Amino acid sequence: MRLLSRMKTTLVSTGLYLLYLVGACVLTMLVEAMFIFLLDHIVLIPYPALTIIRIVIYSLGVPALLGFLGYYEGYREVDFSLSETIIAFVPAVIPHLLLAMLFKFQGFISGAVRFTAGYIHNGQAITQVTLVEKTPYSLFLLVFLAYAVLYGIVLTLCKYFGAKKRVIDRAELRKNETDERSFS
C-alpha cells in the first residue's frame with residue numbers, strides 16, 4: 001500500500017516537473033521575444049550577437065523560473081528527499097526531450113538548446129540557415145542533456161533550500177511561542 005502511494009506521488013511530481021520545464025521555456029520565450037523585438041527596433045543587431053543574447057536569456061531565465069518553483073515547492077512541502085526529486089525529475093525529462101525533438105529544439109520547448117548547439121558548431125558564422133541545417137543532431141541531444149542536468153541541479157538545490165528555510169521559519173516561530181508561554 002505504501003509503495004502504491006509513493007508511486008502516485010512520484011507520478012504526480014513527474015507531471016509537475018514536466019509542466020515546470022515546458023512552462024519555464026514558454027515563459028522565457030515570451031520574455032525573449034519581447035526583449036528582442038524592442039532591442040531590434042532600437043538597434044540593428046547582427047545574427048551572431050542575437051544568438052548570444054538569446055543564449056543568455058534562456059540560460060538564465062529557465063533555471064531562474066525552475067529555481068523559483070523548486071524553492072516554493074520545497075518550502076510548501078517542508079520535507080526534502082534527494083532521491084524522490086531525482087526519481088521524479090528524470091522521467092519528466094524524457095517527454096520533454098521527445099517534445100523538443102518533435103519541434104526541432106525550438107526555444108519555446110527546449111530553451112537555449114537550439115541556439116547553444118548552433119553557436120558551438122558554427123561559431124561566428126552562424127545564420128538562421130546554419131543554425132538548423134548545418135548543426136549535427138547529436139550536438140542538439142548533447143546540449144539538451146547538459147541543460148537537463150543544469151535544470152535538475154537548480155530545481156533540486158532550490159527545493160532543498162526552500163525546505164530548509166521552512167524548517168528554520170518553523171523553529172523561529174516555535175521559539176517565540178515558548179518565550180511567550182514562559183512570560184504568561
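Bear in mind the structure is a predicted one, so any value in this text is a computation, not a measurement.

**Observations concerning the packing of helix H1 (residues 2-42) against helix H3 (residues 82-102)**
Right, on to step 1. One can describe the packing of H1 onto H3 by two numbers: an axis separation of 8 Å at closest approach and a directional angle of 50 degrees. Considering the angle they form, H1 stands oblique to H3. The two elements H1 and H3 cross, and the hand of that crossing is right-handed. Where H1 abuts H3, its residues Arg6, Thr10, Ser13, Thr14, Tyr17, Leu18, Leu21, Val22 and Cys25 lie against Glu84, Thr85, Ile87, Ala88, Phe89, Pro91, Ala92, Pro95, His96 and Leu99.
Right, on to step 2. The class makeup of the residues in the contact of H1 with H3 is twelve nonpolar, five polar and two charged.

**Observations concerning the side chain of Glu73**
Right, on to step 1. By the secondary structure assignment, Glu73 is in helix H2 (residues 47-77).
Right, on to step 2. Relative accessible area serves as the criterion here: at 2%, Glu73 is assigned to the buried category.
Right, on to step 3. Within the local environment of Glu73, its side chain forms a polar contact with the side chain of Tyr17, the two groups lying 3.1 Å apart.
Right, on to step 4. Not counting residues up to four positions away in its chain, the partners in contact with Glu73 are Tyr17, Tyr20 and Lys159.

**Brief notes about the side chain of Ser59**
Right, on to step 1. Within the element layout of this structure, Ser59 appears in helix H2.
Right, on to step 2. Within polar-contact distance, the side chain of Ser59 engages the side chain of Tyr147 at 2.7 Å.
Right, on to step 3. For Ser59, the residues in contact, after removing those within four places along its chain, are Ala112 and Tyr147.

**Topic: a nonpolar patch on the surface**
Right, on to step 1. On the surface, a cluster of nonpolar side chains totalling about 640 Å² of accessible area is made up of Tyr71, Leu145, Val149, Ile153, Leu157, Tyr160 and Phe161.
Right, on to step 2. Sorting elements by how many residues they give to the nonpolar patch places helix H7 (residues 137-183) first, with six residues.
Right, on to step 3. Mapped onto the secondary structure, Leu145 falls in helix H7.

**With respect to the confidence of the model for the protein chain**
Right, on to step 1. In this model, the protein chain carries a mean pLDDT of 90, and residues with pLDDT of at least 70 account for 95%.
Right, on to step 2. Confidence, read as mean pLDDT per element, is least for helix H6 (residues 128-133) in the protein chain (78) and greatest for H3 (95).

Definitions and limits used
- Residues numbered from 1 in each chain as written.
- Predicted model: local features only at pLDDT ≥ 70, side-chain atom pairs only at ≥ 80, totals over all residues.
- Heavy atoms only, no water.
- Axes fitted to C-alpha atoms, helices over the stretch in contact; angles between N-to-C directions.
- Helix = DSSP H or I, 4+ residues; strand = E, 2+ residues; numbered from the N terminus.
- Parallel < 35°, antiparallel > 145°, perpendicular 65-115°, else oblique.
- Left-handed = near helix turned anticlockwise from the far one by under 90°.
- Contact = heavy atoms within 4.5 Å.
- Nonpolar A, V, L, I, M, F, W, Y, C, P; charged D, E, K, R; others polar.
- Buried < 20%, exposed > 50% of the residue type's maximum accessible area, 1.4 Å probe, protein only.
- Polar contact = N/O pair within 3.5 Å; in protein donor to acceptor, adjacent residues only side chain to side chain.
- Patch = residues over 30% accessible without salt bridge, like charges linked within 9 Å, V, L, I, M, F, W, Y side chains within 5 Å.
- Areas by Shrake-Rupley, 256 points an atom, 1.4 Å probe, with all protein chains shown as cover.
- Salt bridge = Lys/Arg side-chain N within 4 Å of Asp/Glu carboxyl O.
- pLDDT = per-residue confidence, 0-100.

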